[in-house]
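What follows is each chain in one-letter form.
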Amino acid sequence: AAIMRENGGTVCFDGDGYSDATQAMLPEIDVFIGSEFYYNKLFGESEEYEKNLSAVRARGPKVVVFTLGDKGSVVAWEDGWSFAPGFKVPVVDTLGAGDVYHGGYIFAMMQGKRPDECARFANAVAAIKCTGIGGRAGTPNLEMVEQFLETGTFDRSLIEEKTKLYANFGV
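An account of the accompanying structure is given in this report. All of these numbers come straight from a predicted model, not from anything done at the bench.

**Let's talk about the nonpolar core**
- By size, the foremost hydrophobic cluster in this structure holds 28 residues, and its most contacted members are Val63, Val65, Val75, Tyr101, Tyr105, Ile128 and Phe148.
- Of all the secondary-structure elements, those providing two or more residues to this core are strand E2 (31-34), strand E3 (63-67), strand E4 (72-77), helix H5 (97-110), helix H6 (115-129) and helix H7 (142-151).
- Tallying contributions element by element places H6 first for this core, with 9 residues.
- One finds Phe43, Tyr49, Phe66 and Val74 within the second-largest nonpolar core, a separate group that totals 15 residues.

**So, the sheet that holds E2**
- Overall, mixed pairing links the 5 strands, which are arranged E1-E2-E3-E4-E5 in an open sheet. Of all the strands in the sheet, the pair left with one neighbour each is strand E1 (12-15) and strand E5 (80-85). Sheet twist, expressed as the mean angle between neighbouring strand axes with direction ignored, is 15°.
- Direction of pairing for E3 relative to E4: antiparallel, over a ladder of 4 bridges. When the bridges of E4 are listed, Thr67 appears paired with Ser73.
- Sheet contacts for helix H3 (residues 36-43): E1, E2 and E3; angle to E3, the most-contacted strand, approximately 105°.
- In the packing of helix H4 (residues 49-57) onto the sheet, contacts are made with E2, E3, E4 and E5, and the angle to E4 comes to roughly 55°.

The rules we used
- Residues numbered from 1 in each chain as written.
- Predicted model: local features only at pLDDT ≥ 70, side-chain atom pairs only at ≥ 80, totals over all residues.
- Heavy atoms only, no water.
- Core = buried A, V, L, I, M, F, W, Y, C linked by side-chain atoms within 4.5 Å.
- Buried < 20%, exposed > 50% of the residue type's maximum accessible area, 1.4 Å probe, protein only.
- Helix = DSSP H or I, 4+ residues; strand = E, 2+ residues; numbered from the N terminus.
- Pairing = 2+ DSSP bridges.
- Axes fitted to C-alpha atoms, helices over the stretch in contact; angles between N-to-C directions.
- Contact = heavy atoms within 4.5 Å.

Below, the structure written as structure tokens:
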């Protein structure tokens, strides 16, 4: 993290499970994305998101995000905070949902989107992923995500094609 910052990069961190080491590293993190497990370890079942995210931001990160499973995600940054509701989809498998959320968030961030827009985009990526089996087959492409955000639906043909491909390889 220190090397990345020294060279002008942005440090993004995937906080899946709580650890004291991660807490100690918060001052070196620019964008902290934590799981609901991490959130619950810090704050229990509290839904005082604005207050709780502000407390984490006070430790160093410019942007703090917590994923909340099918409920969506919450994000706080310099200009405020936002709840990005989850999308209702027929869930088949949640394996990899957190991973694609992180990738979707960072992709949207690299496109210059605001943190609340990044969270909404990432929620869509994760929701679509959950409609496919395994960690790979359900991973959408950009066209699918944009269609889903615009219409609430998406073309499943890529997911079906990848599902067949991976089944042939025993993946």
